[in-house]
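# Chain and residue survey
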Amino acid sequence: MMTFKNPCQFKYQTSISQAAQQSGVNTANKRGSKAILLVSALSALLLSGCQSTTTTDLMGGTPYQTSTRPTDNRNLDKQEIARVRTSLAAQYIRKNELDTAQRQLEKAFAADSRYAPAYDMMGVLLQQEGSRLNLEKADQYFKKAITLDKDFDQAHNNYGVYLSQMKRYKEAAAQFEIAGSALGYEGRIGALENLGRTYLQLNDHPAAAKAFLRALDGNRNSVIAHIELVDLLLEQQRVQQAQRLYDETLMLVQGQGISPRLLLQGIKLAAAQNNIATRQQLAQQLLSAYPLSDEAKQLKTWLNNPEAPWK
């Protein structure tokens, strides 16, 4: 393989539902106001009495109704409390306040022991903590989330990320396939990118290419799919197609700086097309900007023996 030595970075989601994801309020400058909204929402849910109260959705979206009447709406209130607690946990996880996040999730379980997103979130939390014991525990939480709601696409994707981290790649691919096939799931493209990278780990390059092409079909701006497909096309010596995708990639990352991997891809393309000037320019840029990178090491090895294949 040419440049697949780089660690795979899989995408997981920490919001609790598609509706919550669609609200899209994640920027740092809004965290203070969101914390106030979240506390207000939780307080409203815990009030006793016999009236209905309109509360702002905890992620800043559409208002929802909470009723404190002691009969027909009691179960609904418990689920809403679990939802609020799980959303609070997600925010604490993003800030790496894992102990506080766990306490929120325990309260979510106490409110509604069958609330699937809370189990998924606990799996993410334990995975992020990363100790051997917690990694083992995470597996059961992801499984529980999926058992409670087999159509919970986000849990399938997150479980796939976990399985990939544990190097259980065949199992991971099955989970990513479920999430990547779920039309309407907001994280579907990320799941397909994860699926492609998992197939790379399994050394199944045709399946990987198919997954990345599916990601591009869903979102032509997928940088990950572009970069991975350039390498796969170069491996097949389909240089012109690789060059077109590479040019598209440079347009997508314009203004963000060029990574060592993209520089090495440009060097390979220039070498394949006997473009000596471009090859030398990009090689100098790579060696100067990223002298300790794996890509720089690959370039030096190749420069010492240009007739050898890239590794």
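Since we're looking at a predicted model, the values are computed, not measured.

About the criteria used
- In every chain, residue numbers begin from 1 and rise along the written sequence.
- In keeping with the model being predicted, local features are shown solely for residues with a pLDDT of at least 70 and side-chain atom pairs are shown and tallied solely at 80 or more, while totals for entire chains, interfaces and linings include all residues.
- Side-chain measures here rest on the full set of heavy atoms in the structure, leaving out hydrogens and waters.
- A run of H or I in DSSP counts as a helix once it spans at least four residues, and a run of E counts as a strand once it spans at least two, with each numbered from the N terminus.
- Here the accessible surface of atoms and residues is derived via Shrake-Rupley with a 1.4 Å probe, and residues count as covered only by protein chains that are part of the display.
- Any two rings among Phe, Tyr and Trp, with Trp reduced to its six-membered ring, count as a pair given centres within 6.5 Å; such a pair is stacked if its planes are under 30 degrees apart, edge-to-face if over 60, and tilted if neither.
- Partly exposed residues are those whose accessible area sits between 20% and 50% of the maximum for their type, while under 20% is buried and over 50% is exposed, using a 1.4 Å probe and protein chains only.
- pLDDT is defined as a per-residue confidence score from the predictor, taking values between 0 and 100.
- Note on contacts: a residue pair qualifies if any of its non-hydrogen atoms lie within 4.5 Å across the two residues.
- Within this analysis, the arc is defined by the directions that extend from the helix axis to the C-beta atoms.
- In protein, a polar contact means a hydrogen-donor-capable atom and an acceptor-capable atom, both N or O and within 3.5 Å, with residues adjacent in sequence counting only if both atoms are side-chain atoms; elsewhere, any N or O pair within 3.5 Å suffices.
- Buried residues of nine kinds, namely Ala, Val, Leu, Ile, Met, Phe, Trp, Tyr and Cys, make up a nonpolar core once their side-chain atoms join them within 4.5 Å.
- By salt bridge we mean one thing: a side-chain nitrogen of Lys or Arg within 4 Å of a carboxyl oxygen of Asp or Glu.
- The axes are straight lines fitted to the C-alpha atoms, using for helices just the contacting stretch, and the angles between their N-to-C directions are given from 0 to 180°.
- If an angle is under 35 degrees, it is roughly parallel; if it is over 145, roughly antiparallel; if it lies from 65 to 115, roughly perpendicular; otherwise it is oblique.
- Note on convention: near helix rotated counterclockwise from far helix by under a right angle means a left-handed crossing. Clockwise means right-handed.

## Details of the overall build of the protein chain
A count of helices and strands for the protein chain gives 15 helices and two strands. Summing over all exposed atoms, the protein chain offers an accessible surface of approximately 15,900 Å²; the carbon and sulfur share of this is 50%.

## Some thoughts on the packing of aromatic side chains
Aromatic ring pairs: the centre-centre distance and the angle between the two ring planes describe each pair. On inspection of all chains with the given rule, the structure shows six aromatic pairs. Pairing Phe109 with Tyr141 gives two aromatic rings, centres 6.2 Å apart and planes at 20 degrees, and the pair type is stacked. Of this pair, Phe109 sits in helix α4 (residues 98–111) while Tyr141 sits in helix α6 (residues 132–148), and the two are 32 residues apart along the sequence. By relative accessible area, Phe109 is classed as buried at 13%. Owing to a relative accessible area of 24%, Tyr141 belongs among the partly exposed residues under this scheme. Aromatic pair Phe142 and Tyr162: ring centres 5.7 Å apart, planes at 45 degrees, arrangement tilted. Note that Phe142 is positioned in helix α6 and Tyr162 in helix α7 (residues 153–165), a separation of 20 residues in sequence. Residues Phe142 and Tyr162 agree in their burial class; the two are buried.

## Some details on the confidence of the model for the protein chain
The predicted model of the protein chain averages 83 in pLDDT, with 75% of residues at 70 or higher. With pLDDT under 50 throughout, residues 1–8 is counted as low confidence; its partners more than four residues away or in other chains account for 26 contacts. Predicted confidence is poor over residues 16–41, with pLDDT under 50, and the contacts of this stretch with residues over four places away or in other chains come to 38 contacts.

## As for helix α15 (residues 294–304)
Within α15, burial applies to Glu295, Ala296, Gln298, Leu299 and Trp302. When α15 is viewed along its axis, its buried side chains cluster within an angular range of 160 degrees and face the same direction. More than 90 degrees from the buried face of α15, the exposed residues found are Thr301 and Asn304. Looking at the buried positions of α15, the neighbouring elements they touch are α13 (260–272) and α14 (276–289).

## Describing the environment of Pro117
For Pro117, the position within the fold is in helix α5 (residues 116–129). With a relative accessible area of 12%, Pro117 lands in the buried category.

## Brief notes about the side chain of Thr86
Topologically, Thr86 is positioned in helix α3 (residues 74–94). Classification of Thr86 as buried rests on a relative accessible area of 0%. Within the structure, the side chain of Thr86 is placed 2.7 Å from the backbone oxygen of Ala82, a separation counted as a polar contact.

## Points about the nonpolar core
In this structure, Ile93, Leu105, Leu125, Tyr162, Phe212, Leu229 and Leu232 are the most contacted members of the largest nonpolar core, which totals 60 residues. With residues up to four places along the chain from it excluded, the contact list for Ile93 reads Leu98, Ala101, Met121, Val124, Leu125 and Gln128. Core analysis: the next-biggest nonpolar cluster, separate from the first, contains 10 residues, Leu263, Leu299, Trp302 and Trp310 among them.

## Notes on the pattern of salt bridges
Using the criterion set out here, one finds 11 salt bridges in the structure. Between Glu136 and Arg132 there is a salt bridge; the shortest N-O distance is 3.0 Å. Taken together, the residues Glu136 and Arg132, both in helix α6 and four residues apart, mark about one turn of the helix. Note that Arg168 is salt-bridged to Glu171, the shortest N-O span being 2.9 Å.

## Regarding the packing of helix α11 (residues 223–235) against α13
Look at α11 against α13: their axes get within 11 Å of each other, and the N-to-C directions meet at 30 degrees. On the basis of their axis angle, the class for α11 and α13 is roughly parallel. In terms of crossing hand, the pair formed by α11 and α13 is left-handed. On α13, the residues touching Ile227, Glu228, Val230, Asp231 and Leu234 of α11 are Arg261, Leu262, Gln265, Lys268 and Leu269.

## Side note on unusual backbone geometry
One non-glycine residue, Asn203, lies in positive phi territory at about 60 degrees. The residue Asn203 is located in the loop between α9 (188–201) and α10 (205–218) in this model. Look at Asn203 and you get exposed, because its relative accessible area is 58%.

## Things to note about the packing of α7 against helix α8 (residues 169–180)
Between α7 and α8, whose axes approach to 8 Å, the crossing angle comes to 160 degrees. Classified by the angle between their axes, α7 and α8 sit roughly antiparallel to one another. Note on packing geometry: the crossing formed by α7 with α8 is left-handed. Counted together, Asp153, His156, Asn157, Tyr159, Gly160, Val161, Leu163 and Ser164 of α7 and Tyr169, Glu171, Ala172, Gln175, Phe176, Ile178 and Ala179 of α8 form the full contact between these two elements.

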